[in-house]
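Commentary on secondary and tertiary structure
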Amino acid sequence: MSLKATDAADAADDYLERRTLRRGSAGWVLLTGLGVAYVVSGDFSGWNLGLAKGGFGGLAIATVLMGTMYACLVFALAELSAILPTAGGGYGFARRALGPWGGFLTGTAILIEYVLAPAAIVIFIGDYVESLGLFGLTSSWPVYLVCFAIFIGIHLWGVGEALIVTFVVTGFAVFALIVFALGALPDFSVSSLHDIPVDASALGANSWLPMGLLGIWAAFPFGMWFFLGVEGVPLAAEETKDPARTLPKAIRWSMGVLVVLAVITFLTAAGARGSAAIQDAGNPLVEALQPDGKATALSRFVNYAGLAGLVASFFSLIYAGSRQLFALSRAGYLPRVLSLTSSRKAPYLGLLVPGTIGFALAAATGDSLRMLNIAVFGATISYALMSLSHIVLRRREPELERPYRTPGGILTSSVALVLACSALVATFLVDVTAAIIALVVYAVAAAYFGFYSRKHLVAKAPEEEFAALAAAEAELARD
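Residues numbered from 1 in each chain as written. Predicted model: local features only at pLDDT ≥ 70, side-chain atom pairs only at ≥ 80, totals over all residues. Heavy atoms only, no water.

Attention now goes to the overall build of the protein. Each helix and strand counted, the protein has 19 helices and 0 strands in total. In terms of overall size, the protein behaves like a compact globule, its C-alpha atoms giving a radius of gyration of 22 Å where 479 residues would be expected to give roughly 23 Å. Taken along the three principal axes of its C-alpha coordinates, the protein extends 80 × 50 × 40 Å. For the protein, with 479 residues in total, the buried portion stands at 59%. Across the protein, contacts joining residues at least 24 apart in sequence account for 83% of those joining residues at least 6 apart. Carbon and sulfur atoms provide 67% of the accessible area of the protein, an area that totals close to 18,100 Å². For the protein, the centre of its 30 positive side-chain charges and the centre of its 32 negative side-chain charges are spaced 5 Å apart. (Helix = DSSP H or I, 4+ residues; strand = E, 2+ residues; numbered from the N terminus. Rg over C-alpha atoms; globule rule 2.2 N^0.38 Å. Buried < 20%, exposed > 50% of the residue type's maximum accessible area, 1.4 Å probe, protein only. Contact = heavy atoms within 4.5 Å. Areas by Shrake-Rupley, 256 points an atom, 1.4 Å probe, with all protein chains shown as cover. Lys, Arg positive; Asp, Glu negative; His and termini not counted. Charge placed at Lys NZ, Arg CZ, Asp CG, Glu CD.)

A few words now on the packing of helix 2 (residues 28-39) against helix 7 (residues 159-184). Put simply, helix 2 and helix 7 touch, their axes get as near as 9 Å, and they point 60 degrees apart. Taken together, the axis directions place helix 2 and helix 7 in an arrangement best described as oblique. Here helix 2 and helix 7 pass one another in a crossing that is left-handed. Only Leu163, Ile164, Thr166, Phe167, Thr170 and Val174 of helix 7 make contact with helix 2, whose side of the interface consists of Val29, Leu30, Gly33, Leu34, Val36 and Ala37. Partitioning the contact of helix 2 with helix 7 into residue classes produces 9 nonpolar, 3 polar and no charged. (Axes fitted to C-alpha atoms, helices over the stretch in contact; angles between N-to-C directions. Parallel < 35°, antiparallel > 145°, perpendicular 65-115°, else oblique. Left-handed = near helix turned anticlockwise from the far one by under 90°. Nonpolar A, V, L, I, M, F, W, Y, C, P; charged D, E, K, R; others polar.)

Another aspect to go through is the nonpolar core. Note on soluble globular proteins: their nonpolar side chains tend to be buried together. Judged by nonpolar contacts, the single largest core of 153 residues is most densely connected at Trp47, Tyr70, Ile125, Met224, Phe314 and Tyr383. Among the elements that line this core, the one with the most residues is helix 5 (residues 90-131), at 20 residues. (Core = buried A, V, L, I, M, F, W, Y, C linked by side-chain atoms within 4.5 Å.)

The next thing to look at is a nonpolar patch on the surface. A surface patch of nonpolar side chains, about 570 Å² in accessible area, is lined by Leu185, Phe188, Val190, Trp208, Val259, Val263 and Leu267. Here the nonpolar patch gets 3 residues from one element, more than from any other, and that element is helix 11 (residues 243-273). In this fold, Leu185 is placed in the loop between helix 7 and helix 8 (190-193). (Patch = residues over 30% accessible without salt bridge, like charges linked within 9 Å, V, L, I, M, F, W, Y side chains within 5 Å. Salt bridge = Lys/Arg side-chain N within 4 Å of Asp/Glu carboxyl O.)

This next bit is on the layout of surface pockets. There is about 600 Å³ of room inside the largest pocket. Among the secondary structure elements, those contributing two or more residues to the lining of the largest pocket are helix 5, helix 14 (297-330), helix 15 (348-365), helix 16 (368-396) and helix 18 (432-451). A class-by-class count of the residues in the lining of the largest pocket yields 22 nonpolar, 2 polar and 2 charged. Here the second largest pocket is characterised by a volume of approximately 260 Å³. As for the second largest pocket, its lining consists of 15 residues, of which Ser45, Phe124, Tyr128, Gly282 and Asn283 are closest to the centre. (1 Å grid on protein atoms, 1.4 Å probe; cavity = no way out; pocket = protein on both sides within 12 Å on 5 of 7 lines; lining within 4 Å. Points joined across faces, edges and corners; volume = space filled by probe spheres on them.)

Let us look at the confidence of the model for the protein. Mean pLDDT for the protein: 89, with 94% of residues reaching 70 or above. In the predicted structure, residues 1-5 sits below a pLDDT of 50 and forms 4 contacts with residues beyond four places in sequence or in another chain. (pLDDT = per-residue confidence, 0-100.)

This next bit is on the pattern of salt bridges. Scanning the model with the defined rule gives 10 salt bridges in all. In this structure, Glu239 engages Arg323 in a salt bridge whose closest nitrogen and oxygen atoms are separated by 2.7 Å. A residue pair is termed long-range when its members are at least 10 positions apart, and Glu239 in the loop between helix 10 (220-223) and helix 11 and Arg323 in helix 14 qualify at 84 residues. The pair Glu239 / Arg323 is uniform in exposure class, with both members buried. In this structure, a network of salt bridges that share partners links the residues Glu79, Arg394 and Arg402.

Relative to the assigned elements, Gly366 resides in the loop between helix 15 and helix 16. Separated by 242 residues in sequence, Gly366 and Phe124 place their C-alpha atoms 9.3 Å apart. In this view, Gly366 contacts Ile123 and Leu361; residues no more than four positions away in its chain are not counted.

What follows covers empty space enclosed by the protein. Tallying each qualifying case throughout the model produces 4 cavities of 30 Å³ or more. In this structure, the largest cavity spans a volume of roughly 180 Å³. Around the largest cavity, the lining is made up of 15 residues, and of these Ser41, Gly42, Ile121, Leu228 and Leu372 lie nearest the centre. Broken down by secondary-structure element, the contributors of at least two residues to the lining of the largest cavity are helix 2, helix 3 (41-44), helix 5 and helix 14. Of the residues forming the lining of the largest cavity, the biggest block, 4 residues, is contributed by helix 5. What the second largest cavity holds in volume is close to 100 Å³. Lining the second largest cavity are 13 residues, and of these Tyr114, Pro118, Ile318, Pro354 and Gly355 lie nearest its centre. Residue assignment for the lining of the second largest cavity shows that the elements contributing at least two residues are helix 5, helix 14 and helix 15. It is helix 15 that provides the largest number of residues to the lining of the second largest cavity, a total of 5 residues. Residues of the lining of the second largest cavity, tallied by class, amount to 8 nonpolar, 5 polar and no charged.

Given below as structure tokens:
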């Protein structure tokens, strides 16, 4: 009698041996750098488009609310990652709390974010290279190809080496943001913050809220850009030293650094040049330093630093996407071949397949903003499901060993859940087409899981074993 696919995988002694990451490659400092790297490009560009949606006041309130959402979320994730330190990250947490469907839907939403975001960022990199006149290029697709080839190659070389490169590039980008803020501060003026014309027909409109109260909500997705991606730190769990202690510390430090960077970047850029001048700028920090349109030594430095910030986020997001794909594949939710690792313990197909998709999307469409909006849509779904997972596990398994406990408990994750749902709805206010495309991709993935992969899961995968243990314990308690 032939074995079912899931039985064959579980019976193979070397199944997990062929799907093993390099253990103990990162401490909390490198992981903090990884958390900042996911996000730092958002400080250089993108967030300013929210000024056109809500004005300075609208974007400021949206940023505070989204910052609150991320703070609550990362505290919840710190607890969950200490409980289940595996490469599955959010998928693993939701799998334990919400079952196979919850795990798959969470993992798929995270995967949408981490496949689309690098494709969008590589387009920004291409635009930067062209605008700076580097290499004499007049077309960006060779830049896309080189970026994916080089940075995937570094990840294939080894996770330790990749994280060190990420840390160095991120450090330069952070240094540049501090230099920018110091350089722009002498030109700061409070009156420049609220110089966008008021839409008198909008409810509650004034100089601080020129698009009215609804503008706050419309600015939610752009307030997220100061923090989008930091939730990916737990995906490094299986390659971390002492993950139960290291991950919570790295997550908290990453969020702290990002809050500081968001405040100084937002205030100094808008206050130095004016919200109206930078609301549509592709490079708002450079615009803020060039009131007469002439480049200065400082603006050139920040321009090149912006390229470094984009590279840091691109590099780290490739890592995050490969680990989420690896975990879903190892457990059978996606084709298992995608989780095979090389002799250097790198998930080579988990890097190459999303990289190929990302390059194809970038080269074929060149529509970075649409892809980022799709990524944001996937992200908000995952935030809601991960917050819900924390609530469910706290209520259903209060005795579960928790090396780290979320301050505020369920109240904290409930705040994250409400704000994540609000941000999800806000994406429809920004780009309905992007939201619909994300839903279609989500529906196709759900159909694949419903009709095929949920019947072929691998019970020995860490996240599945963890969930099976919980089910067995619950059954014993009933008996």
